[in-house]
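# Examining the three-dimensional arrangement
Single-letter residue listing:
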Amino acid sequence: MIPALLRTSALAAAASLDPDADVDVLVPTNNPAHGDYQWNFAFRMARARKENPRALAERLLPFFAAHPGVAAAEVAGAGFVNLRLSDAWLAERLAEQAAAPGAALTPAGAGKTVVVDFSSPNVAKRMHVGHMRSTHLGHVLTNLHAAAGWKVIRDNHIGDWGTPFGKLIVAWDEWRDEAAYAADPVGELERLYVKFGDEASAKPGEGTPEAQERSRILQDRAREETAKLQRGDARNRALWEDFRARSLEEYEAVYQRMGVRFDEVLGESEYGPMTDAVVEELLAAGTAETSEGAVIVRLGEQVSVVRKKDGAATYTATDLACVKYRVRRWSPERMVYVTDARQHQHFMNFFAVAKRWGCTADLVHMGFGMLKLPDGAMSTRKGNVIRLVDLLDEAVARARAVVDEKSASFPEAERAAIAEAVGVGAVRYQDLVQAPTSDITFDWKKMLAMDGNSAPYLLYARARAASILRKAAADGGPGAAAVATLAHPLERELALALLRLPEAVDGALRASAPNLLAEGVYRACEAFNRFYFELKVLDEVEHRASRLALVLAADRVLVHALGLLGLRALDRL
Ligand code: ARG
C-alpha cells in the first residue's frame, strides 16, 4: 500500500517535532494537479504547538524529499504537504503488485480469527431478494478479512427454531398437499405458513365468534407443538428435520450459483438447548435478574429479556449461547453479524450483555438498509416477494440475450457460462455498489443493468486486457517488459488506479463498506478503458513491451480485485 510505503518518511517527519506524535496517514489528493498524495499533519501539529502551519510544513518537506519514491514534495495552500511520486518507483511497485496482488495488502489480521455471521435465512421460507444483501455483503466481508490475513469462519446462522415450527406442524397436519411438497418442498411450506397465518389471525373483537375461537385453538395448538418439538418429541422432531433439510438443499443451490460457501451452517436450534445454562449463569453472576416471572438484564434505559415469562428462551439468549460456543471453538478476536439495520437494537443490547458476561471479542453489527419494492415492503403474506432464484434467472436470461447477439461465434457452453457469470455478477454488483447503510428500492432495470457502473462494464475491461495478452502471445512480437515505463499520462493514471486498490480494500474493511472497494475497481477499469481506447499496444514499436507490462499488471490486479467482490473474471465476452 502506497501510504504504508511512505510511512517511514512520515514517521521521521513527525518524530522531528514530537517523538510521541500520532502520525496521520497520507491521503490521495483531490486534484491530481497538486500531486498524488497529501499529508495534513502540519495543521494538527501547528494548532497544538501554536505555530504557523505553512512554516511547519516547510520544515517537514526534507523528510519526504529523501524518500526514493518521491519525485517532488512541496507545500501548498495553508500547509498541505503534497507529494508527487516518481514514475519509475510507481512502475516498480506495480510490477511487484502484479506478481502477488494479495501481498500489497497490510496483513492487519495475521494470526487473528474472525467469525462472520451472514446470510442466515429462516428455514421453511423461500430465499427472497431480501436475503440477498446479507449474503452479498457478508461474502465480500469474509473475502476482505481473508485478504487482510484474518482466519475467517463463514457462519450461516440459520433461523430454524421457535414458534414458526409449531405453526408449521399444525398447518402440516391440517392442510398439507404431499404431492406439492414432493415437487417443491419450500413452496409448500411457505404456502402452509401463510395459510396458518390467514386462519389463525382473527384478533379479539374482529370477525365472527367462530373465527375467533378457531384462531385461538390453532394458536394454542401451535404453542403446544412448539413445546413438544423443543422437548424432543419424535414425530415433531422428524418433521422439523425434514423441513429443515429440504430448505437447506434449496438454499445450497442458490449459494452455489452465487459462489458463496460456508464453513459452518449451524441453526438457532443448535444453541436452543444451551440457553438454560446461559440464563442460569447470568443469574448466578448477578448480571440478570428475575422480573415478573421473566429473566432480564438491565442496560441503562434498555431492558434485555433473556427468558420469557412462559420459560421460552429469547433470540438474545440463543445469540449469547452461540457466542459462548464460538469462543470455545475458535477463540475469535472479532465476530461480525450481517443483518438488516432493523435488528440494530437487538445487537447493541445483546453485545452489551455479552460484554458484561465477560466476552472480550470485538463484536460488530454490520447493519444494512432495507431493500424495498416500489410499492412498499415485501411480505410473504402479501404474496409480493421476489424470489432470489427468479431474479438470478431473469438476470442470466438478459445477459444471455446480449451474449448471443454480440458473441454469436462462441460455443454454446461458453455462452451459457458467460451469461451465468455476467447475470449473477450484475445482480451482485448492483447491490454492492450502494452504501450498505442506505435503503434501496428494488428496480429490475437497475439490478439488471449491463452498462454504466455495472459488473459487465468491469468484466469487459478485464477481458480486454486478457485479449491483448492472448494476441501478444500469438503474434510473435516482443513480450512484456519486466517493468512498465509510464511515459504517457494515461499509463501513469492507470498504474496509480491499480496501485490504489489495496487502499480501497483496506478502507472497505475498516468501514465494513464493500462499496468503497467497488468504487476503486470501477476507477481502475475506467482508467484501463481510457488507456485502451487512446493508446496502441500491440502495434507500437517503441512502447509495446512497456505497455504490455502495464496490461499484464492490470490483468492480474483486476482479476484479484474482482474476485474480492465475488465476481468471476471472464477471459472473453
Ligand atoms: N435469521 C435471522 C433473520 O433472518 C438473522 C440471524 C442473524 N444472526 C444472528 N446471530 N442473530 O432475521
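Use the structure listed above.
Neighbouring the ligand are the residues Asp117, Ser120, Asn122, His157, Tyr315, Asp319, Tyr337, Thr339, Gln343 and Phe347. Within the contact set of the ligand, a nitrogen atom lies 2.8 Å away from a side-chain nitrogen or oxygen of Asn122. Interatomic distance of 2.8 Å between a side-chain N/O atom of Tyr315 and a nitrogen atom of the ligand. When isolated, the ligand has an accessible area of 350 Å², and the protein chains bury 87% of it. For the shell around the ligand, the secondary-structure elements that each account for two or more residues are α14 (315–330) and β11 (334–340).

Attention now moves to the packing of helix α20 (residues 489–499) against helix α21 (residues 501–510). The N-to-C vectors of α20 and α21 enclose an angle of 30°; their axes lie 4 Å apart at closest approach. The angle between α20 and α21 falls in the class roughly parallel. Within the contact between the two elements, α20 uses Ala497, Leu498 and Leu499 and α21 uses Leu501, Pro502 and Glu503. The residue makeup of the contact of α20 with α21, split by class, is 5 nonpolar, no polar and 1 charged.

Let us look at the nonpolar core. Among the nonpolar cores identified, the biggest contains 147 residues, and Trp39, Val338, Leu391, Leu498, Leu517, Val521 and Phe528 are the most heavily contacted of them. When neighbours within four sequence positions are excluded, Trp39 is seen to be in contact with Ala10, Ala13, Ala14, Val23, Asp24, Val25, Leu26, Leu60, Phe64, Gly79, Phe80 and Val81. In terms of nonpolar packing, the next biggest core, distinct from the first, is built from 30 residues, Val278, Cys322, Tyr337 and Val353 among them.

Time to look at empty space enclosed by the protein. What the rule picks out here adds up to 2 cavities of 30 Å³ or more. Taken as a whole, the largest cavity spans an internal volume of roughly 70 Å³. Mapped onto the lining of the largest cavity, the elements with two or more residues apiece are α21 and α23 (544–564). Take the lining of the largest cavity: its biggest share by element is 4 residues, from α23. When the residues that make up the lining of the largest cavity are grouped by side-chain class, the tally is 8 nonpolar, 2 polar and no charged. Quantified by volume, the second largest cavity comes out at close to 50 Å³. In this structure, the second largest cavity is lined by Gln430, Gln434, Ile440, Thr441, Phe442, Asp443, Lys446 and Met447. Mapped by element, the contributors of at least two residues to the lining of the second largest cavity are β14 (440–441) and α18 (444–447). Here the residues of the lining of the second largest cavity sort into 3 nonpolar, 3 polar and 2 charged.

It is worth spelling out the side chain of His157 at this point. Take His157: it is sitting in strand β6 (residues 151–158). For His157, a relative accessible area of 5% puts it in the buried group. Those residues in contact with His157 that sit more than four places away from it in its chain are Asp117, Phe118, Ser120, Leu266, Glu268, Tyr271, Asp319, Cys322 and Arg326.

What follows covers the side chain of Asp340. Structurally, the position occupied by Asp340 is in strand β11. In this structure Asp340 comes out as buried when scored by relative accessible area, which is 15%. Not counting residues within four places of it along the chain, the set of residues in contact with Asp340 comprises His365, Gly367 and Phe368.

Summed over all chains, the structure comprises 21 aromatic pairs. Taken together, the aromatic side chains of Tyr337, Phe347, Phe350 and Phe351 make up a single cluster linked through ring pairs. Lying over the aromatic face of Trp175, Lys195 brings its terminal NZ or CZ to 5.5 Å of the ring centre. Seen from the ring of Tyr37, Arg500 lies directly overhead, with NZ or CZ sitting 4.8 Å from the centre.

The N-to-C vectors of helix α7 (residues 163–175) and helix α10 (residues 209–231) enclose an angle of 115°; their axes lie 7 Å apart at closest approach. α10 is crossed by α7, and the crossing has right-handed handedness. For the pair α7 and α10, the contacting residues are Thr163, Phe165, Gly166, Lys167, Ile169, Val170, Asp173, Glu174 and Trp175 in the first and Arg214, Leu218, Gln219, Arg221, Ala222, Glu225, Thr226 and Leu229 in the second. By residue class, the composition of the contact of α7 with α10 is 7 nonpolar, 4 polar and 6 charged.

Definitions and limits used
Residues numbered from 1 in each chain as written. Predicted model: local features only at pLDDT ≥ 70, side-chain atom pairs only at ≥ 80, totals over all residues. Heavy atoms only, no water. Near = heavy atom within 4 Å. Polar contact = N/O pair within 3.5 Å; in protein donor to acceptor, adjacent residues only side chain to side chain. Areas by Shrake-Rupley, 256 points an atom, 1.4 Å probe, with all protein chains shown as cover. Helix = DSSP H or I, 4+ residues; strand = E, 2+ residues; numbered from the N terminus. Axes fitted to C-alpha atoms, helices over the stretch in contact; angles between N-to-C directions. Parallel < 35°, antiparallel > 145°, perpendicular 65-115°, else oblique. Contact = heavy atoms within 4.5 Å. Nonpolar A, V, L, I, M, F, W, Y, C, P; charged D, E, K, R; others polar. Core = buried A, V, L, I, M, F, W, Y, C linked by side-chain atoms within 4.5 Å. Buried < 20%, exposed > 50% of the residue type's maximum accessible area, 1.4 Å probe, protein only. 1 Å grid on protein atoms, 1.4 Å probe; cavity = no way out; pocket = protein on both sides within 12 Å on 5 of 7 lines; lining within 4 Å. Points joined across faces, edges and corners; volume = space filled by probe spheres on them. Phe/Tyr/Trp six-rings, centres within 6.5 Å; stacked < 30°, edge-to-face > 60°. Lys NZ or Arg CZ within 6 Å of the ring centre and 35° of its normal. Left-handed = near helix turned anticlockwise from the far one by under 90°.

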